[in-house]
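Chain and residue survey
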Amino acid sequence: MPASAAAGPVSHAIFRVARLHRMHVGQLLRRVGLHPGQELVMMQLWDGGPQRQTDLARLLGSDAATMTRTVQRLEHAGFVRRMPCATDKRVTIIEPTAASLALRREVENIWAEVESRTLGEQSDTGRAETLATLERIENNLKIAARL
């Protein structure tokens, strides 16, 4: 760890872990034609069905421009379809395609693989403690960011 990060060793560790986690997820998602973050959009659509693009951005903590690019890439890959809302033409509805539904099991398997590799031989109790700690950290950061 750099000496300049000594005042925040936990924050530095979180940064390193998040970077490695995202890299690993990216390697695995490439097998199914997705990039990190796109699977989160697909999970939201698979579970919630067609949704407004603005709602997807809000639910995933994304800005509008990033969500627009993500949806465009998913549409180009054939995984989502964009449609104007029947009642408000300013609103775009995003829905998963049949092609994306075939991906669901593969994405779920990838997430199970990442979970297993991330936690290794950790016991169920250790896994629960890790999750509880991460949830507390997330809540602390939400409060600090006023989210």
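The paragraphs below set out a description of the structure included in this document. (Residues numbered from 1 in each chain as written. Predicted model: local features only at pLDDT ≥ 70, side-chain atom pairs only at ≥ 80, totals over all residues. Heavy atoms only, no water.)

Note that soluble globular proteins tend to have their nonpolar side chains buried in a common cluster. Counting 21 residues, the largest nonpolar core has L34, M42, L45, L74 and V80 as its most contacted members. Those elements giving two or more residues to this core turn out to be α1 (9-29), α2 (38-48), α3 (53-60), α4 (64-76) and α5 (98-119). Residues contacting M42, with those up to four places away along its chain left out, are L74, F79, V80, P96 and S100. (Core = buried A, V, L, I, M, F, W, Y, C linked by side-chain atoms within 4.5 Å. Buried < 20%, exposed > 50% of the residue type's maximum accessible area, 1.4 Å probe, protein only. Helix = DSSP H or I, 4+ residues; strand = E, 2+ residues; numbered from the N terminus. Contact = heavy atoms within 4.5 Å.)

A grouping of L40, L59, L60 and W111 is seen on the molecular surface, where their side chains present a nonpolar patch of about 300 Å² in accessible area. The class of L60 is partly exposed, set by a relative accessible area of 31%. (Patch = residues over 30% accessible without salt bridge, like charges linked within 9 Å, V, L, I, M, F, W, Y side chains within 5 Å. Areas by Shrake-Rupley, 256 points an atom, 1.4 Å probe, with all protein chains shown as cover. Salt bridge = Lys/Arg side-chain N within 4 Å of Asp/Glu carboxyl O.)

Attention now goes to the sheet that holds strand β2 (residues 80-84). Spatially, the 3 strands line up as an open sheet ordered β1-β3-β2, and their pairing is antiparallel. Sheet topology places β1 (51-52) and β2 at the edges, where each strand pairs with a single neighbour. Pairing analysis gives 5 bridges linking β2 to strand β3 (residues 92-96), with the strands arranged antiparallel. For M83, the partnering residue across the bridge sits in β3 and is I93. (Pairing = 2+ DSSP bridges.)

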